[in-house]
Amino acid sequence: MGIIGVPLDLGQSRRGVDMGPSAIRYAGLEATLKRLSDEVFDFGDIPVSREREKVQKLRHLNEIVEACTALANQIEEVETAGYFPLVLGGDHSTAIGTLAGVAKMKKNLGLIWYDAHGDLNTLETSPSGNIHGMPLAVSLGLGEDELIEIGKAKIKVKPESVVIIGARSLDEGEKALIKQLGIKVFTMHEIDRLGMAHVMEEAIAHVTKGTDGVHLSFDLDALDPLEAPGVGTPVVGGVTYRESHLAMEMLAEAKIITSAEFVEVNPILDEKNITAEAAVALIGSLFGQKLL
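Only a predicted model underlies this, so the values are computations on that prediction, with no experimental measurement involved.

Chemist: Account for the sheet that holds strand 2 (residues 41-45), with residues named and values stated.
Modeler: On the basis of which strands lie adjacent, the open sheet formed by eight strands has the order 2-1-3-8-7-4-5-6 and parallel pairing. The open sheet has two edge strands, strand 2 and strand 6 (184-187), and neither has a second partner. Ignoring which end each strand starts from, the neighbouring axes of this sheet average 15° apart. Where strand 1 (residues 2-6) and strand 3 (residues 85-89) come together, five bridges link them in parallel fashion. Residue pairing in the sheet places Ile-3 in a bridge with Leu-86 of strand 3. In this fold helix 9 (residues 196-207) packs onto strand 4 (110-114), strand 5 (162-167), strand 6 and strand 7 (214-219), with an angle of close to 160° to the strand it touches most, strand 5.

Chemist: Explain the pattern of salt bridges to me, using residue names and the numbers behind them.
Modeler: The full count for this structure, using the stated rule, is 10 salt bridges. Residue Arg-25 pairs with Asp-42 through a salt bridge whose shortest N-O separation is 2.7 Å. Residue Arg-25 is located in helix 1 (residues 20-26), and its partner Asp-42 is located in strand 2; the two are separated by 17 residues in the primary sequence. Relative accessible area serves as the criterion here: at 24%, Arg-25 is assigned to the partly exposed category. Residue Glu-30 pairs with Lys-34 through a salt bridge whose shortest N-O separation is 3.0 Å. Here Glu-30 pairs with Lys-34, and both are found in helix 2 (residues 29-34), just four residues apart, close to one helical turn. Residue class for Glu-30 comes out partly exposed when judged on its relative accessible area of 33%. Salt bridges sharing common partners tie together Arg-25, Asp-42 and Asp-45.

Conventions and cut-offs
- Residues numbered from 1 in each chain as written.
- Predicted model: local features only at pLDDT ≥ 70, side-chain atom pairs only at ≥ 80, totals over all residues.
- Heavy atoms only, no water.
- Pairing = 2+ DSSP bridges.
- Helix = DSSP H or I, 4+ residues; strand = E, 2+ residues; numbered from the N terminus.
- Axes fitted to C-alpha atoms, helices over the stretch in contact; angles between N-to-C directions.
- Contact = heavy atoms within 4.5 Å.
- Salt bridge = Lys/Arg side-chain N within 4 Å of Asp/Glu carboxyl O.
- Buried < 20%, exposed > 50% of the residue type's maximum accessible area, 1.4 Å probe, protein only.

Coordinates in, geometry out; function isn't part of it.
And the structure:
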């Protein structure tokens, strides 16, 4: 297991998420992983520039490109050394670098996007200009050249190999793109109606069809804010803590995940670090932790 921290908060407007990697580590990540894996190594944090350039077409574009490029290179090194890449964010713009890195090692990557949001905006559709609302679009090859050109290929994942789980806040441009590309989405309606077990069975079947690896991108705002208050963009009516554990347990049983990231923990907005503790517990379930 190779842990990589990305203390990046430039992709959104609220400060504090750059302390997310530290909060997750403090919540007992390494001890949890060492109970589940023979080899766990923390590679430390990716350096993030604090030179916040003001005149850019997207907010902090150059700084995010720099950080995500460094992350992609670090992931390639971690995977080459034989470690499973586990990335700790930071805001969700880090996923641009994560997917650029893991896609270098896969011919056809599958992707589970566990999130309240679609993160499918571009400069033209974004209401805010915040890059943390764009990483899935970028990974599909849509958006600014500076972002999609990070890594060896412009397209890191194909739309037919993506599943979004937990969505309940989508902008109009994102809805149109989902329909245009035919992206598989399980909103809270489907989770409520079908149950998480059924949703995960379908999701696992979808992302493993013709793929040679599956990346999990887990935004803690997928959880209901009553159970995970320490996130930058909370949306009421989210996935429960227990449903999320079941999802991770089913992924562990399926043995399909080849890389993962957990992002958007903001300790400034948290209550007694419970969101970071939830992240650690869910990471434990992903890697096979059980009660008995």
